[in-house]
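Spelled out from the first residue to the last, the chains are:
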Amino acid sequence: MSYTMDQLKIGQKARFSKTISECDVYLFAGVTGDTNPAHLNTEYAKDTVFKKRIAHGMLSASLISTVLGTELPGKGTIYLRQEVTFLRPVHFEDTITAVVEVVGKDERKNRVTLKTTCLNQEGVVVVDGEATVIPPCC
(Lines give C-alpha, C1' and ligand atoms only; values in the text may rest on other atoms or scores of the structure.)
Protein backbone atom coordinates (compact mmCIF):
# COMPACT_ATOMS: atom_id res chain seq x y z
CA MET A 1 0.00 0.00 0.00
CA SER A 2 1.04 3.59 -0.55
CA TYR A 3 -0.11 6.63 1.39
CA THR A 4 -0.70 10.00 -0.26
CA MET A 5 -0.28 13.28 1.60
CA ASP A 6 -3.99 13.30 2.52
CA GLN A 7 -3.80 9.77 3.94
CA LEU A 8 -0.70 10.29 6.08
CA LYS A 9 -1.22 11.05 9.77
CA ILE A 10 1.20 12.45 12.34
CA GLY A 11 2.34 9.54 14.52
CA GLN A 12 1.75 6.93 11.80
CA LYS A 13 4.52 4.28 11.84
CA ALA A 14 5.87 1.41 9.79
CA ARG A 15 8.80 -0.94 10.24
CA PHE A 16 10.99 -3.49 8.47
CA SER A 17 13.31 -6.05 10.09
CA LYS A 18 16.29 -7.95 8.71
CA THR A 19 18.98 -10.13 10.21
CA ILE A 20 22.34 -8.90 8.90
CA SER A 21 24.38 -11.82 7.59
CA GLU A 22 28.02 -12.07 6.63
CA CYS A 23 26.84 -12.45 3.05
CA ASP A 24 24.88 -9.16 3.30
CA VAL A 25 28.05 -7.36 4.43
CA TYR A 26 30.15 -8.81 1.59
CA LEU A 27 27.49 -8.00 -0.99
CA PHE A 28 27.16 -4.44 0.35
CA ALA A 29 30.94 -4.06 0.16
CA GLY A 30 30.87 -5.25 -3.44
CA VAL A 31 28.03 -2.98 -4.50
CA THR A 32 29.43 0.13 -2.79
CA GLY A 33 33.16 -0.51 -3.08
CA ASP A 34 33.54 0.03 0.69
CA THR A 35 36.06 -2.71 1.50
CA ASN A 36 37.08 -1.27 4.88
CA PRO A 37 38.78 -4.13 6.76
CA ALA A 38 36.68 -3.31 9.84
CA HIS A 39 33.87 -5.01 7.92
CA LEU A 40 35.72 -7.77 6.06
CA ASN A 41 38.89 -8.81 7.90
CA THR A 42 38.56 -10.72 11.17
CA GLU A 43 42.22 -10.29 12.16
CA TYR A 44 42.16 -6.56 11.50
CA ALA A 45 38.88 -6.13 13.38
CA LYS A 46 40.34 -7.74 16.52
CA ASP A 47 42.47 -4.61 17.00
CA THR A 48 39.58 -2.16 16.59
CA VAL A 49 37.48 -0.64 19.33
CA PHE A 50 34.73 -3.19 18.49
CA LYS A 51 37.05 -6.26 18.67
CA LYS A 52 35.21 -8.00 15.83
CA ARG A 53 33.89 -7.22 12.37
CA ILE A 54 30.93 -4.87 12.12
CA ALA A 55 28.39 -4.21 9.40
CA HIS A 56 28.60 -1.01 7.38
CA GLY A 57 26.63 1.77 9.06
CA MET A 58 24.99 2.61 5.75
CA LEU A 59 23.81 -1.00 5.40
CA SER A 60 21.69 -0.55 8.50
CA ALA A 61 20.59 2.92 7.41
CA SER A 62 19.57 1.55 4.01
CA LEU A 63 16.79 -0.41 5.72
CA ILE A 64 15.12 2.96 6.29
CA SER A 65 14.86 3.32 2.52
CA THR A 66 13.10 -0.04 2.41
CA VAL A 67 10.39 1.22 4.76
CA LEU A 68 9.99 4.52 2.91
CA GLY A 69 9.73 2.93 -0.52
CA THR A 70 7.54 -0.04 0.36
CA GLU A 71 5.51 0.76 3.48
CA LEU A 72 5.37 4.41 4.57
CA PRO A 73 4.67 6.43 2.56
CA GLY A 74 5.19 3.48 0.18
CA LYS A 75 5.62 2.82 -3.53
CA GLY A 76 6.32 5.97 -5.48
CA THR A 77 7.90 7.86 -2.57
CA ILE A 78 10.77 10.17 -3.53
CA TYR A 79 13.56 10.29 -0.93
CA LEU A 80 14.90 13.85 -0.67
CA ARG A 81 16.99 14.03 2.49
CA GLN A 82 18.31 11.82 5.26
CA GLU A 83 20.03 12.94 8.43
CA VAL A 84 21.65 10.02 10.21
CA THR A 85 23.63 9.43 13.39
CA PHE A 86 25.31 6.08 14.02
CA LEU A 87 25.04 5.34 17.74
CA ARG A 88 26.10 1.70 18.12
CA PRO A 89 27.81 -0.93 15.99
CA VAL A 90 25.84 -3.59 14.17
CA HIS A 91 27.36 -7.07 14.32
CA PHE A 92 26.85 -9.99 12.00
CA GLU A 93 23.60 -11.83 12.86
CA ASP A 94 22.08 -8.80 14.59
CA THR A 95 18.45 -8.30 13.65
CA ILE A 96 17.89 -4.67 12.76
CA THR A 97 14.45 -3.10 12.70
CA ALA A 98 14.05 0.17 10.83
CA VAL A 99 11.16 2.25 12.17
CA VAL A 100 9.76 5.28 10.36
CA GLU A 101 7.29 7.69 11.97
CA VAL A 102 5.49 10.63 10.39
CA VAL A 103 6.39 13.70 12.44
CA GLY A 104 5.56 16.53 10.05
CA LYS A 105 3.61 17.40 6.92
CA ASP A 106 4.04 20.44 4.69
CA GLU A 107 1.10 20.16 2.32
CA ARG A 108 2.00 23.41 0.53
CA LYS A 109 5.44 22.02 -0.48
CA ASN A 110 4.21 18.40 -0.65
CA ARG A 111 6.86 17.25 1.83
CA VAL A 112 6.69 14.81 4.72
CA THR A 113 9.17 14.69 7.60
CA LEU A 114 9.79 11.33 9.25
CA LYS A 115 11.70 10.23 12.32
CA THR A 116 13.94 7.36 11.27
CA THR A 117 15.36 4.86 13.74
CA CYS A 118 17.08 1.50 13.55
CA LEU A 119 17.10 -0.78 16.59
CA ASN A 120 18.86 -4.07 17.20
CA GLN A 121 17.20 -7.22 18.54
CA GLU A 122 17.68 -5.96 22.10
CA GLY A 123 15.79 -2.73 21.36
CA VAL A 124 18.96 -0.63 21.42
CA VAL A 125 18.95 2.28 18.97
CA VAL A 126 21.86 1.85 16.55
CA VAL A 127 20.88 4.53 14.00
CA ASP A 128 18.85 7.67 14.60
CA GLY A 129 17.81 10.36 12.17
CA GLU A 130 15.23 12.23 10.17
CA ALA A 131 14.10 12.00 6.56
CA THR A 132 12.24 14.24 4.17
CA VAL A 133 10.26 12.71 1.32
CA ILE A 134 7.73 13.52 -1.34
CA PRO A 135 4.85 11.08 -0.83
CA PRO A 136 3.24 9.24 -3.75
CA CYS A 137 0.70 11.28 -5.67
CA CYS A 138 -1.88 8.52 -6.08
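Counting restarts for each chain: residues are numbered from 1 in the order of the written sequence. Local features in this predicted model are restricted to residues whose pLDDT is 70 or higher, and side-chain atom pairs enter the listing and the counts only when it is 80 or higher, whereas totals over whole chains, interfaces and linings include all residues. Excluding hydrogens and water, the side-chain values take into account all heavy atoms of the structure.

Chemist: Any chance you could explain the overall build of the protein chain here in plain terms?
Modeler: The way it works is that DSSP assigns letters per residue, a run of H or I at least four long becomes a helix, a run of E at least two long becomes a strand, and they are numbered from the N terminus. Of the regular secondary structure elements, the protein chain holds 4 helices and 5 strands. Counted from the first residue to the last, the protein chain has its helices and strands arranged as β-α-α-α-α-β-β-β-β. Each of the three principal axes of the protein chain carries a C-alpha extent, and together these read 55 × 30 × 20 Å. Burial here depends on accessible area, computed with a 1.4 Å probe over protein chains only, as a share of the maximum for the residue type. Under 20% is buried, over 50% is exposed, and the range in between is partly exposed. Looking at the protein chain as a whole, 41% of its 138 residues are labelled buried. Between two residues, a contact is recorded if the distance between any of their heavy atoms is within 4.5 Å. Expressed as a percentage of contacts within the protein chain between residues at least 6 apart in sequence, the contacts between residues at least 24 apart total 67%. Here the Shrake-Rupley method, with its probe set to 1.4 Å, supplies the accessible areas, and only the displayed protein chains count as covering residues. Working note: accessible area of the protein chain is about 7,500 Å², and carbon and sulfur atoms make up 53% of it.

Chemist: Mind showing me how you'd approach the pattern of salt bridges here?
Modeler: Oppositely charged side chains may form a pair once their charged atoms are brought near each other. Should a side-chain nitrogen of Lys or Arg be within 4 Å of a carboxyl oxygen of Asp or Glu, the pair is scored as a salt bridge. Considering all chains together, one arrives at 7 salt bridges under this definition. K18 is the partner of D24 in a salt bridge, and the nearest nitrogen-oxygen pair spans 3.1 Å. K18 sits in the partly exposed class, given a relative accessible area of 29%. Within this structure, R81, E83 and E130 form a network of salt bridges that share partners.

Chemist: Would you explain the pairing of strand β4 (residues 111-119) in this entry?
Modeler: Successive side chains on a regular strand alternate, one facing one side of the sheet and the next facing the other. Should DSSP find at least two bridges between two strands, the strands are regarded as paired. With 9 bridges joining them, strand β3 (residues 95-106) and β4 adopt antiparallel strand pairing. Looking at β4, one finds that V99 is bridged to T117. In this antiparallel pair of consecutive strands, β3 and β4, the connection spans 4 residues, and N110 shows a positive phi of 60°. Across 8 bridges, the pairing between β4 and strand β5 (residues 125-134) is antiparallel. Within the sheet, the bridge partner assigned to T117 lies in β5 and is D128. Hairpin connection from β4 to β5: 5 residues lie between these consecutive antiparallel strands, with G123 at a positive phi of about 85°.

Chemist: Would you take a moment to explain the sheet that holds β5 for this structure?
Modeler: The strands making up a sheet associate through hydrogen bonds between their backbones, and the pairing can be parallel or antiparallel. Strand order in the open sheet formed by 5 strands is β1-β3-β4-β5-β2, with antiparallel pairing between adjacent strands. Lying at the two open borders of the sheet, with one neighbouring strand each, are β1 (13-19) and β2 (78-86). Strand-to-strand, the axes of this sheet are offset by a mean angle of 20°, without reference to chain direction. Across 7 bridges, β1 lies against β3 in antiparallel orientation. Paired with F16 across the two strands is A98, which belongs to β3. Axis definition: a line fitted to C-alpha atoms, limited for helices to the stretch in contact. Angles are taken between N-to-C directions and run from 0 to 180 degrees.

Chemist: Is there a simple way to think about helix α4 (residues 57-70) in this case?
Modeler: Helix span is expected to be 1.5 Å times the residue number reduced by one. In a regular helix each residue adds 1.5 Å, so 14 residues correspond to 20 Å; α4 covers 21 Å between its end C-alpha atoms and thus fits that length. What α4 keeps buried is the set L59, S60, A61, L63, I64, V67 and L68. In this fold, the buried residues of α4 make contact with β1, α1 (22-32), β2, β3, β4 and β5.

Function-wise, these values are silent; they only describe arrangement.
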